[in-house]
Amino acid sequence: MLNELISVVIPCYNDGAYLHEAIASIRRQDYPNYEIIVVNDGSTDAATLKVLDEVVAPDVQVLHKENGRMASARNYGIRHAKGKIIAALDSDDYFGDTFFKKAVAILDANKEVGVVTSYIQLFGAEKLVSKPRGGTAVNFLFGNQCPACAIYRRECWEDIGGFDEAMKLGYEDWEFYIRVTRQGWKIEVIPERLLFYRQTKKSTYRNDTRPNVVELVDYIVNKHQDWYLDMIKQLIVRREVIYTESRISYQNIFKMLKNRLLGKYK
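This section reports on the structure supplied with the text. As the structure is a computational prediction, the values presented were derived from the model and not from experiment.

Conventions used here
Residues numbered from 1 in each chain as written. Predicted model: local features only at pLDDT ≥ 70, side-chain atom pairs only at ≥ 80, totals over all residues. Heavy atoms only, no water. Helix = DSSP H or I, 4+ residues; strand = E, 2+ residues; numbered from the N terminus. Buried < 20%, exposed > 50% of the residue type's maximum accessible area, 1.4 Å probe, protein only. Contact = heavy atoms within 4.5 Å. Phe/Tyr/Trp six-rings, centres within 6.5 Å; stacked < 30°, edge-to-face > 60°. Lys NZ or Arg CZ within 6 Å of the ring centre and 35° of its normal. Axes fitted to C-alpha atoms, helices over the stretch in contact; angles between N-to-C directions. Parallel < 35°, antiparallel > 145°, perpendicular 65-115°, else oblique. Left-handed = near helix turned anticlockwise from the far one by under 90°. Nonpolar A, V, L, I, M, F, W, Y, C, P; charged D, E, K, R; others polar.

**Here's the deal with the environment of Phe142**
On the secondary structure map, Phe142 appears in the loop between strand E7 (129-130) and strand E8 (150-153). Assessed through its relative accessible area of 67%, Phe142 is described here as exposed. Through-space distance from the C-alpha of Phe142 to that of Tyr228 is 9.6 Å; in sequence the pair is 86 residues apart. Every residue in contact with Phe142, bar those within four places of it in the chain, is listed here: Trp174 and Leu235.

In structure tokens:
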């Protein structure tokens, strides 16, 4: 696993301006065994098409397809990948130099971990640090705790049949990780800023996901309705257990204090 081929899949739609930077971040990794697959998802921008021609190299292949949005582009790239490990990277983002080596070491050490990501440094229009939690299925019940840009075992993608290509407006990564964790895989987060996430006015989240968030969440909940009902039931029961245990604990503490006070003043 420590020298396993990593297939880096980079969807690109009219984002050629940033593609050289994304590829350069892969070449800087202190992990030598990788291939880069750029998926041109039906770009129409002349400058981007020029860059797509420029980046072809022994370590970079460019695949062309009709526009189908992110889930479709990721699935297309993975189908053409040779590696047992997939690194998902968006064309306007980049990884820190040590991410591959550290992520693969985690996968090698823990067979239950299927996905590895890191803390996120936002840059561009916003300059914040995001700290996703990863975890198991319960952590993904109310929101996504792992960015789309991550490393995962190809087996995870195969187990669940890939990304849901019906989700064209975003949150396809959240729904993907729900299915991954429901299969029993864990998601690990490296507590370092090793993913650099560009903030622009044309981002999918800003233009597509945010205006349609209710529709997207409704789709996810309906798709996983039985799981949501079961998890909510478990959470309610667990809340009552914690409440009951806490009440008993407090009653015991008050009883002890009362006995001590009564014994002191007798």
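**A word on the packing of aromatic side chains**
In this structure the tally under the stated criterion is 11 aromatic pairs. Note on Phe140 and Tyr177: the rings are 6.2 Å apart at their centroids and 45° apart in plane angle, and the pair reads as tilted. Residue Phe140 is located in the loop between E7 and E8, and its partner Tyr177 is located in helix H6 (residues 172-182); the two are separated by 37 residues in the primary sequence. Of the two residues, Phe140 and Tyr177, neither departs from the other in class, the shared state being buried. A network of ring pairs unites the aromatic residues Phe140, Tyr152, Phe163, Phe176 and Tyr177 as a single cluster. Between Arg74 and the ring centre of Phe163, over which it is positioned, the NZ or CZ distance is 5.5 Å.

**Concerning the packing of H6 against helix H8 (residues 213-223)**
Each pair of packed helices can be described by the angle between their axes along with the distance between the axes. Following both chains from N to C, one finds H6 and H8 inclined at 20°, their axes separated by 11 Å at the closest point. One way to sum up the angle between H6 and H8 is to call them roughly parallel. As for how H6 packs across H8, the hand of that crossing is right-handed. Across from Trp174, Glu175, Ile178 and Arg179 in H6, the residues of H8 making contact are Val217, Ile220 and Lys223. Split into classes, the residues belonging to the contact of H6 with H8 amount to four nonpolar, no polar and three charged.

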